[in-house]
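The chain contents come next:
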Amino acid sequence: MSAFTLPDIAAQATNSQLPLDWVGMCGIALPLQINGQILRASADAGVSLDDGASRGIHMSRLYLALEALEHQALSPVLLNAVLECFLDSHIGLSASAFLTLRFELMLKRPALISPLAGWKAYPVTLNAQLKDGVFHVELFVDVEYSSTCPCSAALARQLIQQQFLTDFGNRTLSHEAVLSWLGSAQGIVATPHSQRSVAKLQARLRQGINELPIEALIDHAEKALGTAVQTAVKRADEQAFALANGQNLMFCEDAARRLHVALKTLPWLGGFNLRVEHAESLHAHDAVAHSQWHW
Ligand SMILES: Nc1nc2c(ncn2[C@@H]2O[C@H](COP(=O)(O)OP(=O)(O)OP(=O)(O)O)[C@@H](O)[C@H]2O)c(=O)[nH]1
């Protein structure tokens, strides 16, 4: 049996006198309870080291405080409690506490027409911080959608008009012939290009909001865009998707403006920063727009 006590290097003093903004651990694996699901998450947990004379923080105390997340449904109250626990275990050392959680929210989405449904995984990041006694939660989520270029659609329509003149300019129009022409690849000679696009939404919850409206944010953004990517798809669903794309032609600027206007109506949202990326099929580079409000 050893008579030695374990050396505690973190508790030693340092003569550097230099406080640090963030000290902690990144990439901690843990399960979370969200929307009635147990989700695999990754956490970054940290505090400020305001006492510049202390060698280090007590990592294990932050790690152990995370255990509370395993046993209760995730909520702003729970996040606040965990952050308070970070600070209570670092009295005299730290005035600010930080927690970032990353996970994929699984949502079952119905098809547009058929009675089918399938799962979508939305990457989510939650940032919570308790600084000078003020608690903030930010919610980041990526929403994928389809965007059809309005310029390309207009150019394609012009080509179709030109083809119509070529094919029917000198002929008496017959309803049956025009109908058949409209349904043929020889008539509809050009199609606009579309791209898989992503809206990266960052939303700050207003003070006092006691829920995490992740699904509501996603639903609201998808409704504003009108062309969310689909899961299970039969031909009837694909046709409905083609119609949705045709009715929602979007440059990246249009998508950013739609989202800006839509997000501003959410009563729980105190500010946002959004970025849309259209992974162009016309170019090898992306078209991107940003917008923010009270960010
Ligand atoms: N502060 C700090 N600790 C580290 C680091 N890397 C590993 N650790 C280890 O994290 C472990 C947990 O630290 P503490 O929470 O201070 O552990 P402890 O002293 O047994 O716990 P308490 O009695 O609660 O202070 C220690 O063994 C540290 O050596 C680092 O970069 N900084």
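Residues numbered from 1 in each chain as written. Predicted model: local features only at pLDDT ≥ 70, side-chain atom pairs only at ≥ 80, totals over all residues. Heavy atoms only, no water.

J.: Help me understand the overall build of the chain in this model?
T.: The number of helices and strands found in the chain is eight helices and eight strands. Seen along its three principal axes, the alpha-carbon backbone of the chain occupies a region of about 105 × 40 × 40 Å. The buried share of the chain, taken over its 295 residues, is 44%. In the chain, once contacts between residues fewer than 6 apart in sequence are set aside, the share between residues at least 24 apart is 67%. With an accessible surface of roughly 16300 Å², the chain has 55% of that area assigned to carbon and sulfur atoms. Taking the 21 positively charged and 27 negatively charged side chains of the chain as two groups, their mean positions are separated by 6 Å. (Helix = DSSP H or I, 4+ residues; strand = E, 2+ residues; numbered from the N terminus. Buried < 20%, exposed > 50% of the residue type's maximum accessible area, 1.4 Å probe, protein only. Contact = heavy atoms within 4.5 Å. Areas by Shrake-Rupley, 256 points an atom, 1.4 Å probe, with all protein chains shown as cover. Lys, Arg positive; Asp, Glu negative; His and termini not counted. Charge placed at Lys NZ, Arg CZ, Asp CG, Glu CD.)

J.: Sorry, what's going on with the pairing of strand 5 (residues 134–148) here?
T.: Sheet faces and side chains relate simply in a regular strand, where the side chains alternate between the two faces. Most of strand 5 is tucked away, with 11 of its 15 residues classed as buried. As defined by bridge partners, strand 4 (residues 117–131) adjoins strand 5 across eight bridges and the pair is classed as antiparallel. Bridge pairing links A128 to V137 in strand 5. Relative to strand 6 (residues 194–205), strand 5 runs antiparallel, the two being bridged by 11 bridges. By the bridge assignment, L139 is partnered in strand 6 with A203. (Pairing = 2+ DSSP bridges.)

J.: Is there a simple way to explain the site of the ligand in this structure?
T.: The environment of the ligand is made up of D8, I57, H58, M59, S60 and R61. One nitrogen or oxygen atom from the main chain of I57 is found 2.9 Å from a nitrogen atom belonging to the ligand. In the environment of the ligand, an oxygen atom lies 2.9 Å from a nitrogen or oxygen atom belonging to the side chain of H58. Contact with the protein chains covers 41% of the free accessible surface of the ligand, which is 650 Å². Within the shell around the ligand, the residues separate by chemical class into two nonpolar, two polar and two charged. (Near = heavy atom within 4 Å. Polar contact = N/O pair within 3.5 Å; in protein donor to acceptor, adjacent residues only side chain to side chain. Nonpolar A, V, L, I, M, F, W, Y, C, P; charged D, E, K, R; others polar.)

J.: Explain the sheet that holds strand 4 to me, please; I cannot follow it from the model alone.
T.: Each strand in a sheet pairs with another by means of backbone hydrogen bonds, the pair being arranged parallel or else antiparallel. An order of 1-2-3-4-5-6-7-8 is seen for the eight strands of this open sheet, with the pairing classed as antiparallel. What marks the edges here is a single partner per strand, and that holds for strand 1 (20–34) and strand 8 (287–293). Sheet twist, expressed as the average angle between the axes of neighbouring strands with direction ignored, equals 15 degrees. Packing of helix 6 (residues 214–225) onto the sheet brings it into contact with strand 3 (96–110), strand 4, strand 5, strand 6 and strand 7 (269–278), and relative to strand 3 it is tilted by some 55 degrees. (Axes fitted to C-alpha atoms, helices over the stretch in contact; angles between N-to-C directions.)

J.: Sorry, what's going on with the UniProt feature "site: May be catalytically important" (unreviewed entry) in the chain here?
T.: Under the feature "site: May be catalytically important" (unreviewed entry), the UniProt entry names C149. Relative to the assigned elements, C149 resides in the loop between strand 5 and helix 4 (150–168). If we skip the residues at most four places from it in the chain, C149 touches P192, H193, Q195, M250 and F251. (UniProt positions renumbered as here; feature names shortened; annotations may be inferred.)

J.: I'm lost on the confidence of the model for the chain in this one. Help?
T.: Reading fine detail from the predicted coordinates is not recommended where pLDDT is low. Residue-level pLDDT values for the chain average 95, and 99% of them are 70 or greater. In the predicted complex, the global pTM is 0.92; the interface-specific ipTM is 0.91. (pLDDT = per-residue confidence, 0-100.)

J.: Before we go on, may I ask you to explain the environment of T14 in this structure?
T.: Its location among the elements puts T14 in the segment before strand 1. When its relative accessible area of 21% is taken as the criterion, T14 is described as partly exposed. Residues T14 and G52 lie 38 residues apart in sequence; the distance between their C-alpha atoms is 7.8 Å.

J.: What is the right way to read the packing of aromatic side chains from this model?
T.: One pass over the structure, following the stated rule, counts four aromatic pairs. Geometrically, the ring pair formed by F272 and W293 is tilted, given 5.8 Å between the ring centres and 35 degrees between the ring planes. With a gap of 21 residues between them, F272 in strand 7 and W293 in strand 8 connect regions that are remote in the sequence. Considered together, F272 and W293 belong to a single accessibility category, that of buried residues. A cation over an aromatic ring shows up here: R204 above the ring of W295, its NZ or CZ 4.6 Å from the ring centre. (Phe/Tyr/Trp six-rings, centres within 6.5 Å; stacked < 30°, edge-to-face > 60°. Lys NZ or Arg CZ within 6 Å of the ring centre and 35° of its normal.)

J.: So what exactly am I meant to see when it comes to helix 8 (residues 252–264) here?
T.: Residue pairs three or four apart in sequence face the same way in an α-helix, which turns once every 3.6 residues. Compared with the 18 Å implied by 1.5 Å per residue over 13 residues, the 18 Å span of helix 8 between its first and last C-alpha is a close match. Restricting attention to buried positions, one finds in helix 8 the residues C252, A255, A256, L259, H260, A262 and L263. Of the surrounding secondary structure, the elements contacted by the buried residues of helix 8 are strand 5, strand 6, helix 6, strand 7 and strand 8. (Expected span 1.5 Å × (residues − 1).)

J.: Explain the packing of helix 6 against helix 8 to me, please; I cannot follow it from the model alone.
T.: A pair of packed helices is captured by two measures, namely the crossing angle of their axes and the spacing between those axes. Running from N to C, helix 6 and helix 8 point in directions that differ by 135 degrees, and their axes come no closer than 9 Å. The angle between the axes of helix 6 and helix 8 places the two elements in the oblique class. Seen along the crossing, helix 6 lies across helix 8 with a hand that is right-handed. Along its contact with helix 6, which presents L217, H220, A221, A224 and L225, the element helix 8 presents A255, R258, L259, A262 and L263. (Parallel < 35°, antiparallel > 145°, perpendicular 65-115°, else oblique. Left-handed = near helix turned anticlockwise from the far one by under 90°.)

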